[in-house]
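Notes for the structure review
As a plain string of letters, each chain reads:
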Number of protein chains: 2
Amino acid sequence: MQVAIALFPRNTALDAIGPYEVLQRIPSIDVVFVGQHRGEVRSDNGMLGLTCDASFDEVTRPDVLVFPGGVGTRALVEDTGVLDWIREVHRHTVFTTSVCTGSLLLGAAGLLTGLTAATHWRATELLESFGAIYTPDRVVEHLPQRIITAAGVSSGIDMALRLVELLVGPEAARASQLMIEYDPQPPFDAGALGKASDATVQLALEYYGQRS
Amino acid sequence: MQVAIALFPRNTALDAIGPYEVLQRIPSIDVVFVGQHRGEVRSDNGMLGLTCDASFDEVTRPDVLVFPGGVGTRALVEDTGVLDWIREVHRHTVFTTSVCTGSLLLGAAGLLTGLTAATHWRATELLESFGAIYTPDRVVEHLPQRIITAAGVSSGIDMALRLVELLVGPEAARASQLMIEYDPQPPFDAGALGKASDATVQLALEYYGQRS
């Protein structure tokens, strides 16, 4: 079983690496990192290089697509080559999925029209501009349409465990969870817009402004 | 403030990328990925390439060291060049930290002698062979010694949030948590050895055998 994880300039690395780490634990799953060209792309702040081992036109029939997010998605939603590729691979995938603002790509490709979908809390309006109905759930699945979208960044780990359950079975998902020792114990409880104080939201927005 | 995250052949990518994603959200923190040589190293299964932007001898005074794990640590604990580098940078760090089997490197460098420490649940005996006292906590900190070790793979996210709290403050840590939408909702509860069934442990061990 082949899982294609898309990479692009200015990606959010954890969006991609969270699902990768869960999925690669299953021996029947092979992961390939795919991008516009083979070679390195840099993360959103430029501090990390990740390698695309294949170009989009080399990976035509993945069983699963995972599209991560990052500020680079804002340019990518206007790239007809990428959107055509998403539409084409989606015809044959078992599941087409996204993490964070990766859902903007599925939206721009027309896959989310009229569907509820998740994205990062800063991108809800942009997601809806593509015809999707934003919902603040961490993982939103439409099994008949074979589409699963996850909320911001770290939510891709939860989504990928659900994906393993769907693709292989619940025992495989539990084994992967144990292998990555995913027994989260965050020292704070500010991981969602509804849980964070106004001061935390304000500081996060300030940090976004300083980093971009 | 400079955070050096070590990379090496056969790394476990999420060990490195979890902390990276938390730490890079703070504008005053710069992250540099450092390895034996500049250039690409591959993850434990070979499916992912990550770039070392600097060699160990180019990064001599990081404020924080994060040493991730992976099967590649088993060779690295015998590499005197790396161990010397760890000892040398630790003299000046604010915190020297590890994720997963990265603690084997801190142990082999002599930094954990007589200290409690965390590691991946499969590496507990190996960790103790370096003089550390294994403890199953997710994050183990020794503030006077400036050493923090985290358990397997995904625990690096929790550790990094605590690190931000220590380095910058709790409000910064909460902002980072919100930015990466870290409101974990694992669909199963098998993320620690004490929580997983015998069947799950058995399957995980079987998967390890098949993947290595």
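Scoring rules and cut-offs
Residues numbered from 1 in each chain as written. Chains lettered and ligands numbered in written order. Predicted model: local features only at pLDDT ≥ 70, side-chain atom pairs only at ≥ 80, totals over all residues. Heavy atoms only, no water. Core = buried A, V, L, I, M, F, W, Y, C linked by side-chain atoms within 4.5 Å. Buried < 20%, exposed > 50% of the residue type's maximum accessible area, 1.4 Å probe, protein only. Contact = heavy atoms within 4.5 Å. Pairing = 2+ DSSP bridges. Helix = DSSP H or I, 4+ residues; strand = E, 2+ residues; numbered from the N terminus. Axes fitted to C-alpha atoms, helices over the stretch in contact; angles between N-to-C directions. UniProt positions renumbered as here; feature names shortened; annotations may be inferred. Left-handed = near helix turned anticlockwise from the far one by under 90°. Nonpolar A, V, L, I, M, F, W, Y, C, P; charged D, E, K, R; others polar. Polar contact = N/O pair within 3.5 Å; in protein donor to acceptor, adjacent residues only side chain to side chain. Least-squares fit on C-alpha atoms with pLDDT ≥ 70 in both. Buried area = accessible area lost by both parts, 1.4 Å probe. Salt bridge = Lys/Arg side-chain N within 4 Å of Asp/Glu carboxyl O. Phe/Tyr/Trp six-rings, centres within 6.5 Å; stacked < 30°, edge-to-face > 60°. Lys NZ or Arg CZ within 6 Å of the ring centre and 35° of its normal.

**Things to note about the nonpolar core**
Ranked by size, the top nonpolar core spans 100 residues in total, and within it I17(A) and I17(B) carry the most contacts. Apart from residues lying up to four places away in sequence, I17(A) is in contact with F33(A), L50(A), A13(B), L14(B), I17(B) and L48(B).

**Points about the sheet that holds strand 6 (residues 64-67) of chain A**
Residues and elements named next belong to chain A. Pairing within the open sheet is mixed, and its seven strands lie in the order 5-2-1-6-7-11-10. Of all the strands in the sheet, just strand 5 (54-55) and strand 10 (139-142) have a single pairing partner and so form its edges. Where strand 1 (residues 2-6) and strand 6 come together, three bridges link them in parallel fashion. By the bridge assignment, A4 is partnered in strand 6 with L65. Strand contacts of helix 1 (residues 13-23): strand 1, strand 2 (30-35), strand 6 and strand 7 (95-99), with the helix running at about 160 degrees to strand 2, the strand carrying the most contacts.

**With respect to the UniProt feature "domain: DJ-1/PfpI" (unreviewed entry) in chain A**
Here, UniProt's "domain: DJ-1/PfpI" (unreviewed entry) annotation points to residues 2-165 of chain A. Taken end to end, residues 2-165 of chain A is 30% helix and 26% strand, and its two terminal C-alpha atoms sit 16 Å from one another.

**What to know about the packing of helix 6 (residues 155-167) of chain B against helix 7 (residues 170-179) of chain B**
Residues and elements named next belong to chain B. The geometry of helix 6 relative to helix 7 is characterised by a closest axis approach of 6 Å and an angle of 145 degrees between their N-to-C directions. Considering how the two elements wind past one another, helix 6 and helix 7 form a crossing that is right-handed. Between helix 6, through L161, V164 and E165, and helix 7, the contact on the second element is made entirely by P170, A172, A173, S176 and Q177. Its residues assigned to classes, the contact of helix 6 with helix 7 comprises five nonpolar, two polar and one charged.

**Overview of helix 1 (residues 13-23) of chain B**
When you tally the buried positions in helix 1 of chain B, you get eleven out of eleven residues, the bulk of the element. Restricting attention to buried positions, one finds in helix 1 of chain B the residues A13(B), L14(B), D15(B), A16(B), I17(B), G18(B), P19(B), Y20(B), E21(B), V22(B) and L23(B).

**Here we look at the environment of T96(B)**
Residues and elements named next belong to chain B. Along the chain, the position of T96 falls in strand 7 (residues 95-99). When the C-alpha positions of T96 and Y182 are compared, they lie 24 Å apart, and in sequence the two are 86 residues distant. Residues in contact with T96, not counting those within four places in the same chain, are L65, H90, L106, L111, R146, I147 and I148. A distance of 2.7 Å separates a polar atom in the side chain of T96 from a polar atom in the side chain of T93.

**Looking at the relation of the copies chain B and chain A**
Under the fitted operation, chain B is carried onto chain A by 0.0 Å of movement along the axis and a turn of 180 degrees, and the coordinates agree to an RMSD of 0.0 Å. The superposition of one copy onto the other is thereby described by a two-fold rotation axis. The C-alpha atom lying nearest the rotation axis in chain B is that of L50(B); the distance is 2.3 Å. Mapped onto chain A, 100% of the interface residues of chain B again fall at the interface, so both copies present the same surface.

**Topic: the interface of chain B and chain A**
How big an interface is tends to be stated in terms of accessible area lost as the parts join. Each partner contributes residues to the interface: chain B has 76 residues there, and chain A has 76 residues. Between chain B and chain A, a total of about 6500 Å² is buried, with carbon and sulfur atoms accounting for 59% of that surface. Viewed at the interface, chain A and chain B are joined by four salt bridges. Across the pair D183(B) and K195(A) runs a salt bridge whose closest N-O atoms are separated by 2.7 Å. Taken together, the elements giving at least two residues each to the side of chain B that touches chain A come down to helix 1, strand 2 (30-35), strand 3 (39-42), strand 4 (49-52), helix 6, helix 7 and helix 8 (198-211) of chain B. Of the residues belonging to the side of chain B that touches chain A, the class tally is 40 nonpolar, 18 polar and 18 charged.

**Let's talk about the packing of aromatic side chains**
Where two aromatic rings form a pair, the distance of their centres and the angle of their planes describe that pair. As enumerated under the stated definition, the model contains eight aromatic pairs over all chains in all. Centre to centre, the rings of F8(A) and F67(A) are 6.0 Å apart; their planes meet at 20 degrees, and the pair counts as stacked. One end of the pair, F8(A), is in the loop between strand 1 and helix 1; the other, F67(A), is in strand 6, and 59 residues separate them in sequence. Side by side, F8(A) and F67(A) carry an identical accessibility label, which is buried. With centroids separated by 5.4 Å and ring planes inclined at 55 degrees, the aromatic side chains of Y20(B) and F33(B) adopt a geometry described as tilted. Residue Y20(B) is found in helix 1, and its partner F33(B) is found in strand 2; the two are separated by 13 residues along the sequence. For the pair Y20(B) and F33(B), one class covers both residues: buried. Here the basic side chain of R122(A) rests over the ring of Y208(A), its NZ or CZ set 3.6 Å away from the ring centre.

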